Amino acid sequence: MLARHCLVLLVMWLGATPALAEHYFVRNQNEYAHALKQIEAGDIIILANGEWRDFELVITGKGEPERPITVISEEPGKVFLTGQSSLRIGGEHILVTGLVFKDGYSPRGEVISFRRSKQDQARNSRVSEIVIDNFSKPDRYESDYWVGIYGKNNRFDHNHLVGKTNKGVTLAVRLDSEESRENEHRIDHNYFGPRPVLGSNGGETLRIGTSRYSMHRSDTLVENNVFDRTDGEVEIISSKSGGNIFRGNVFLKSRGTLTLRHGDDNVVERNVFLGGGKDYTGGIRVINRNQTVRSNYMEGLRGQAFSSALAIMNGVPNSPVNRYVEVEHARVENNTIVDSRRVAFNVGADEERSAPPSNSIFKGNLLSGLPGETLVESYDDISGIEFAGNRVVLGGVQTALSDKFTAASTEFERAANGLLYPSDPELGSTGAPRDLKPVSLDQVGVKWYSKPGDEVAFGSSGKVVDVAPGEDTLVEAAMAAASGDVLLLGPGEYIANRAIPLGKALTIRGAYEEGAEPPTIYFTRPTLIELRDGGDLQIANITIDGALAPDSVGNSAIRTTTYPIKSNMRIEMDGVTVRGLVVNKSFNVLTLGKSALADRVSIRNSNFVDITGAVVSAAAETEDFGQYNVEYLDIVDSKFANVGGPIADVYRGGRDESTFGPNISFSGNQIASVGLAATNGSGASIHLHGVQIAKIERNQIVGSAPFRVVHTVGTPKTSINDNQFADTPTFVLEELNYEGDHRAELSGNIFAGDGSE
Ligand code: CA
């Protein structure tokens, strides 16, 4: 819309004063370069509709306040920069609008940069109504920014940024030069769409500054943006500078928090966080001095610790600039928190982070938690915080803090703005103000590019293809299928003479017949299914048999490709039997390789018999950078017999605290003779290293290797309850960065035979 208006206005204006401005319509990069040489204030370059491949677009010059230099698409959303493309802006009073970046990635460190070079940083310039859609570098761990804002007084507004899958901040404001500090940039009305879990540090959606320059003011305004499912890591926004204002932003089902990580004097006000009950959804995390957090609204948040609705952290005494400066003179006022898990004080308290908040105020907040859970917790001294006029409506309040909060009993009513307010008029001045107006999806981004819906679900195409038994019938059907299709296998034997490359959401299901043998799949290559970019796999009611597989290094029935995979994958097995993976000494069922991350691996009601390797190997990220291969792993109600390697081998090494996972659920399984192979380096039947949440419950284990759980950083939660062990050694539990006994919760476990708890 803006692009159209702008063009029309400029053309009208040009008509009135033709001598002062030029209007260049360009069809290719040569014509663009020619126009650029002549450009002056008030001029406009119009890019012809169509694809501009490998276009490193540069614009610089001296525009004037009412006469910017403009680069605009012929029609908004009809100019596509693809392949190896980027945009760099120098000079002053430049406007760029109407472009779409897709089907490629930047060859540089940024897709859009508000500087042409170190010497030529943009000032008073604007990027508006630009789309960056999945324009990610192919290698997950090769870093870039999609947008780098430098210089001063720039505006980035009404843009649409969706699907960054590689490492690096989506939008970074840089303070690494004198002329880019106290910049008064405006970042407003943008749509920050889904950013999948990165599985590493570097998945922030917005960062302002870095620890190195965090003593400087940035004075950036971040206003009326929507953050929709921005799940990259623990920080959605990482404010690492002073004087920033975060106002009126809406966070939808986004994991992590708005974090005041470094720098002082920031204001966070009138933002709305709607978690929708999703795991790890958080609010605001406070560190440093003179931070103001007021009039925010939070609902349906499920995070705790670092991702609590409000997390007030402990600091490091005389902290180095890159650690945790003490909270001092914080004001946290008139926030509403409903249907949320946690409000936490002294978060991160440990030997290093030993300084509690001081000279701070927590006032007029309205809090309501989850039934039966402790809403407010503190982990150290809170005497440096003055509490006044806070009301707690539901949920237990920790005893130590009950004198700080007054109970209230009220119903909540949803107001016209979509938010909940207490019915009790006595609470009228407690919590967030009535006049909040959360920005809506149609007020952010662009009108001419649709916002993403839910991910493609298994079976969502509605197409079911019958596949007959035989050689390569399954391979051919799988390669011809579209995303969301179901392949239905009748009874009989299927042989795959090549690995099935899977780059879509595919279901392979046995036609269910009561009492009949399920269809059986054999494969004559080292792998049956190779997961590629875009691949999601659901298999049900079938048998996979390794009898025809060759003896080859790294055999695995299902494995990820060695080509880069940008997307996160889902793998589900229900009613599946896998047997006879014995042709060599380490034949796995599922192997997740380097730079691959599964959002979820789910195994239910399945059988695994005679397997020499691991059932799920998610242990390829061995550099201890805090990277890992699986976010959620559920193994439920399944049977494992004569499996040489571990059932689950999950590794996340290092001391980084930027991710939430891995998260493991292992319950109701029957295990016999598992983990005993000499080739099993872990020596365990389940090996979890650096897993953040593990629930291991109600399993029966006979004659197997022990469970091995290694805790690394953070506050890992492991519970091992109500399991029955026979002839199996007791748990091997290790803490790598924590003094004292292992923190696993153990109860109701019974050992018989040679084992003992
Ligand atoms: Ca981070």
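Here the structure is a predicted model, which means the values were calculated and not measured. (Residues numbered from 1 in each chain as written. Predicted model: local features only at pLDDT ≥ 70, side-chain atom pairs only at ≥ 80, totals over all residues. Heavy atoms only, no water.)

1. A short note on the layout of surface pockets
Reasoning step 1: In this structure, the second largest pocket spans a volume of roughly 1,300 Å³.
Reasoning step 2: Contributing to the lining of the second largest pocket are 38 residues, with Pro194, Pro196, Asp454, Glu455 and Asp599 lying nearest its centre.
Reasoning step 3: Put simply, the parts of the chain that give the lining of the second largest pocket at least two residues each are β17 (160-162), β59 (598-604) and β62 (630-636).
Reasoning step 4: Within the lining of the second largest pocket, the residues separate by chemical class into nine nonpolar, eleven polar and 18 charged.
Reasoning step 5: A domain split of the lining of the second largest pocket shows at least three residues from each of domain 1 (455-534 + 546-550) and domain 2 (554-752). (1 Å grid on protein atoms, 1.4 Å probe; cavity = no way out; pocket = protein on both sides within 12 Å on 5 of 7 lines; lining within 4 Å. Points joined across faces, edges and corners; volume = space filled by probe spheres on them. Helix = DSSP H or I, 4+ residues; strand = E, 2+ residues; numbered from the N terminus. Nonpolar A, V, L, I, M, F, W, Y, C, P; charged D, E, K, R; others polar. Domains from an automatic or database assignment.)

2. Quick look at the coordination of the calcium ion
Reasoning step 1: For the calcium ion, the full set of protein donor atoms is Asn201 (OD1), Glu204 (OE), Glu233 (OE), Glu233 (OE) and Glu235 (OE), and the range of their distances to it is 2.3 to 2.7 Å.
Reasoning step 2: Every donor residue of the calcium ion comes from the same chain, spaced as N-x2-E-x28-E-x1-E. You can see asparagine 201 sitting in the loop between β20 (191-192) and β21 (206-208) and its partner glutamate 233 sitting in the loop between β23 (226-228) and β24 (235-240), a full 32 residues away along the chain. (Donors = N, O, S within 2.8 Å, 3.2 Å for Na, K, Ca; no water.)

3. Focus: the confidence of the model for the chain
Reasoning step 1: Per-chain confidence: the chain averages 94 in pLDDT, with 96% of residues scoring 70 or above.
Reasoning step 2: Low confidence marks residues 1-5, where pLDDT is under 50. Its contacts with residues over four positions away, or in another chain, come to 15 contacts.
Reasoning step 3: Below pLDDT 50 for its whole length, residues 11-19 participates in seven contacts with residues either more than four positions away or in separate chains. (pLDDT = per-residue confidence, 0-100. Contact = heavy atoms within 4.5 Å.)

4. Quick notes on empty space enclosed by the protein
Reasoning step 1: For the structure on display, the rule yields three cavities of 30 Å³ or more.
Reasoning step 2: Reported here for the largest cavity is a volume of approximately 50 Å³.
Reasoning step 3: As for the largest cavity, its lining consists of Ile312, Val327, Ala330, Val332, Phe345, Pro357, Ser360, Ile361, Phe362 and Ile385.
Reasoning step 4: Counting residues per element, the lining of the largest cavity draws most heavily on strand β37 (residues 360-363), which supplies three residues.
Reasoning step 5: Per-class residue counts for the lining of the largest cavity are nine nonpolar, one polar and no charged.
Reasoning step 6: Taken as a whole, the second largest cavity encloses approximately 40 Å³ of empty space.
Reasoning step 7: Considering the residues around the second largest cavity, the lining is formed by Val197, Gly199, Ser200, Asp231, Gly232, Glu233, Arg255, Tyr628, Ser658, Thr659 and Phe660.
Reasoning step 8: Residues that form the lining of the second largest cavity fall into these classes: three nonpolar, five polar and three charged.

5. Details of helix α3 (residues 473-480)
Reasoning step 1: Those residues of α3 not exposed but buried are Leu474, Val475, Ala477 and Ala478.
Reasoning step 2: Where α3 is buried, its residues touch β45 (464-467), β47 (485-489), β48 (493-496), β49 (500-502), β50 (505-510) and β51 (520-523). (Buried < 20%, exposed > 50% of the residue type's maximum accessible area, 1.4 Å probe, protein only.)

6. Side note on the environment of glutamate 328
Reasoning step 1: Inspection of the secondary structure puts glutamate 328 in the loop between β33 (310-313) and β34 (331-333).
Reasoning step 2: Look at glutamate 328 and you get partly exposed, because its relative accessible area is 26%.
Reasoning step 3: Spatially, the C-alpha atom of glutamate 328 lies 4.6 Å from that of arginine 289, the residues being 39 residues apart in sequence.
Reasoning step 4: Ignoring any residue separated from it by four or fewer positions in sequence, one finds glutamate 328 in contact with Asn288, Arg289, Asn290, Ser358, Asn359 and Ser360.

7. Topic: the pairing of strand β66 (residues 670-674)
Reasoning step 1: As defined by bridge partners, strand β63 (residues 639-643) adjoins β66 across four bridges and the pair is classed as parallel. Residue pairing for β66: valine 643 is matched across the bridge by valine 674.
Reasoning step 2: Taken together, the three bridges between β66 and strand β69 (residues 700-702) define a ladder with parallel strand orientation. Residue pairing across strands places glutamine 670 opposite glutamine 700, the latter belonging to β69. (Pairing = 2+ DSSP bridges.)

8. As for the packing of aromatic side chains
Reasoning step 1: Summed over all chains, the structure comprises 23 aromatic pairs.
Reasoning step 2: Aromatic pair phenylalanine 227 and phenylalanine 251: ring centres 4.8 Å apart, planes at 5 degrees, arrangement stacked. Here phenylalanine 227, found in strand β23, pairs with phenylalanine 251, found in strand β26 (residues 250-252); they are 24 residues apart in sequence, far enough to count as distant.
Reasoning step 3: Judged by its relative accessible area of 0%, phenylalanine 227 is buried.
Reasoning step 4: When the centroid spacing of 4.3 Å and the interplanar angle of 5 degrees are considered together, the rings of phenylalanine 725 and phenylalanine 751 count as stacked. Remark: phenylalanine 751 occurs in strand β75 (residues 750-752) and phenylalanine 725 occurs in strand β72 (residues 724-726); sequence separation between them is 26 residues.
Reasoning step 5: Since its relative accessible area comes to 3%, phenylalanine 725 is described here as buried.
Reasoning step 6: Through a chain of ring-to-ring contacts, three or more aromatic side chains come together here, namely Phe608, Phe640, Phe666, Phe707, Phe725, Phe731 and Phe751.
Reasoning step 7: The ring of tyrosine 191 has lysine 451 sitting right over it, with the charged end atom 5.3 Å from the ring centre. (Phe/Tyr/Trp six-rings, centres within 6.5 Å; stacked < 30°, edge-to-face > 60°. Lys NZ or Arg CZ within 6 Å of the ring centre and 35° of its normal.)

9. Section: the domain arrangement of the chain
Reasoning step 1: Each domain of the chain was delimited in the assignment, giving domain 1 (455-534 + 546-550) and domain 2 (554-752).
Reasoning step 2: Distance from the C-alpha centre of domain 1 to the C-alpha centre of domain 2: 26 Å.
Reasoning step 3: If you look at the interface, domain 1 gives 20 residues, while domain 2 gives 21 residues.
Reasoning step 4: In this assembly, domain 1 packs against domain 2 so that about 1,600 Å² is buried in total across both faces, 51% of it on carbon and sulfur atoms.
Reasoning step 5: It is Phe458, Leu531 and Asp533 that lose the most area in domain 1 upon contact with domain 2, and together they represent 35% of the buried surface on that side. (Buried area = accessible area lost by both parts, 1.4 Å probe.)

10. Observations regarding the sheet that holds β59
Reasoning step 1: Overall, parallel pairing links the eleven strands, which are arranged β45-β47-β50-β53-β56-β59-β62-β65-β68-β71-β74 in an open sheet. Each edge of the open sheet is held by one strand with a lone partner, namely β45 and β74 (745-747). Mean inter-strand twist for the sheet, computed between neighbouring axes without regard to direction, equals 10 degrees.
Reasoning step 2: Pairing of β50 with strand β53 (residues 536-540) involves five bridges; the strand directions are parallel. (Axes fitted to C-alpha atoms, helices over the stretch in contact; angles between N-to-C directions.)

11. What to know about the pairing of β63
Reasoning step 1: With four bridges connecting them, strand β60 (residues 607-611) and β63 associate as parallel partners. Residue pairing for β63: valine 609 is matched across the bridge by alanine 641.

12. Remarks on the nonpolar core
Reasoning step 1: Core analysis: the biggest nonpolar cluster contains 76 residues, and Leu47, Ile59, Ile112, Ile132, Val147 and Phe345 have the highest contact counts within it.
Reasoning step 2: Counting residues per element, this core draws most heavily on strand β15 (residues 145-149), which supplies three residues.
Reasoning step 3: Each residue touching leucine 47, except ones within four places of it in the same chain, is listed here: Val26, Tyr32, Trp52, Phe55, Leu57, Val71, Ile72, Ser73, Glu74, Val79 and Leu99.
Reasoning step 4: Among the nonpolar cores identified, the runner-up in size contains 70 residues, and Ala481, Val615, Ile664 and Ile686 belong to it. (Core = buried A, V, L, I, M, F, W, Y, C linked by side-chain atoms within 4.5 Å.)

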